[in-house]
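Here's the letter readout for the chains.
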Amino acid sequence: MEMNTNNFSQVLELGKDDESFINTFIDQSTQELANYLSCIREGVETKNMYWLNFIKHKSKTLLELLSDEAASKKISTISELASQGQWELDHQLSSLETEIYQLIENIKTQLKTQEV
């Protein structure tokens, strides 16, 4: 499996000269991403369009800060398909899950090692 590298320059810029910010950001952002993933899964399982749209918008800021367009696009695709009444989204959920877990792993392993 290839090692994806994320560009965390925006996060590093925010936390410049503040070691505790980066550590806190790693903890909170990885928890939030895992939470978004389970919320999206729940939204699909319960066919709750309102909830899916809410999570899509709520996750956008963090994903933009992390420069992760792929995850953002996958969430939008899930939301769009659901809005068209297509709720068979196992493949899309699985793909999003892979993307989010990779991002969480990259945050934990790469964020501290990148330079501003």
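Residues numbered from 1 in each chain as written. Predicted model: local features only at pLDDT ≥ 70, side-chain atom pairs only at ≥ 80, totals over all residues. Heavy atoms only, no water.

### Brief notes about the packing of helix α3 (residues 49-65) against helix α4 (residues 69-83)
Relative to each other, α3 and α4 sit at 165 degrees, their axes nearing to 10 Å. With respect to each other, α3 and α4 are oriented roughly antiparallel. You can see that α3 and α4 cross each other, and the crossing is left-handed. For the pair formed by α3 and α4, the contact residues are Met 49, Leu 52, Asn 53, Lys 56, Ser 59, Lys 60 and Leu 63 on the first element and Ala 71, Ser 72, Ile 75, Ser 76, Ile 78, Ser 79, Ala 82 and Ser 83 on the second. Its residues assigned to classes, the contact of α3 with α4 shows seven nonpolar, six polar and two charged. (Axes fitted to C-alpha atoms, helices over the stretch in contact; angles between N-to-C directions. Helix = DSSP H or I, 4+ residues; strand = E, 2+ residues; numbered from the N terminus. Parallel < 35°, antiparallel > 145°, perpendicular 65-115°, else oblique. Left-handed = near helix turned anticlockwise from the far one by under 90°. Contact = heavy atoms within 4.5 Å. Nonpolar A, V, L, I, M, F, W, Y, C, P; charged D, E, K, R; others polar.)

### Observations concerning the packing of α4 against helix α5 (residues 90-110)
Put simply, α4 and α5 touch, their axes get as near as 10 Å, and they point 160 degrees apart. Viewed along their axes, α4 and α5 adopt a mutual orientation that is roughly antiparallel. Remark: the crossing between α4 and α5 carries left-handed chirality. Here α4 contributes Ala 70, Ala 71, Lys 74, Ile 75, Ile 78 and Leu 81 to the contact with α5, which in turn contributes Gln 92, Leu 93, Ser 95, Leu 96, Glu 99 and Ile 100. Its residues placed into classes, the contact of α4 with α5 shows eight nonpolar, two polar and two charged.

### A few points about the side chain of Glu 99
Summarising the element assignment, Glu 99 is placed in helix α5. By relative accessible area, Glu 99 is classed as buried at 16%. Here the side chain of Glu 99 touches Lys 74 through a polar contact of 3.2 Å, side chain to side chain. When neighbours within four sequence positions are excluded, Glu 99 is seen to be in contact with Asp 68, Ala 70, Ala 71 and Lys 74. (Buried < 20%, exposed > 50% of the residue type's maximum accessible area, 1.4 Å probe, protein only. Polar contact = N/O pair within 3.5 Å; in protein donor to acceptor, adjacent residues only side chain to side chain.)

### Some remarks on α3
Spacing of three or four residues puts side chains on the same side of an α-helix, whose turn is 3.6 residues. Helix length check: α3, at 17 residues, gives a terminal C-alpha distance of 25 Å against a target of 24 Å (1.5 Å per residue), a fit within 8%. Within α3, the axis deviates most sharply at Ser 59, by approximately 30 degrees. Looking at α3, one finds that the buried residues are Leu 52, Ile 55, Ser 59, Leu 62, Leu 63 and Leu 65. The secondary structure elements touched by the buried residues of α3 are α1 (9-14), α2 (19-45), α4 and α5. N-cap assignment for α3: the residue whose side-chain oxygen lies 3.2 Å from the backbone N of Tyr 50 is Asn 48. A positive phi of about 55 degrees marks Ser 67, the residue just after α3. (Expected span 1.5 Å × (residues − 1). Bend = angle between axes of the 7 residues up to and from the residue.)

### Some details on the layout of surface pockets
If you roll a probe as big as a water molecule over the atoms, it shows you where there is empty space left. In this structure, the second largest pocket encloses a volume near 150 Å³. Lining the second largest pocket, in full, are Leu 14, Phe 21, Thr 24, Phe 25, Gln 28, Ser 29, Glu 32, Thr 61, Leu 62 and Leu 65. When residues of the lining of the second largest pocket are traced back to their parent elements, those giving at least two are α2 and α3. At six residues, the largest contribution of residues to the lining of the second largest pocket is made by α2. Looking at side-chain class alone, the lining of the second largest pocket contains five nonpolar, four polar and one charged residues. (1 Å grid on protein atoms, 1.4 Å probe; cavity = no way out; pocket = protein on both sides within 12 Å on 5 of 7 lines; lining within 4 Å. Points joined across faces, edges and corners; volume = space filled by probe spheres on them.)

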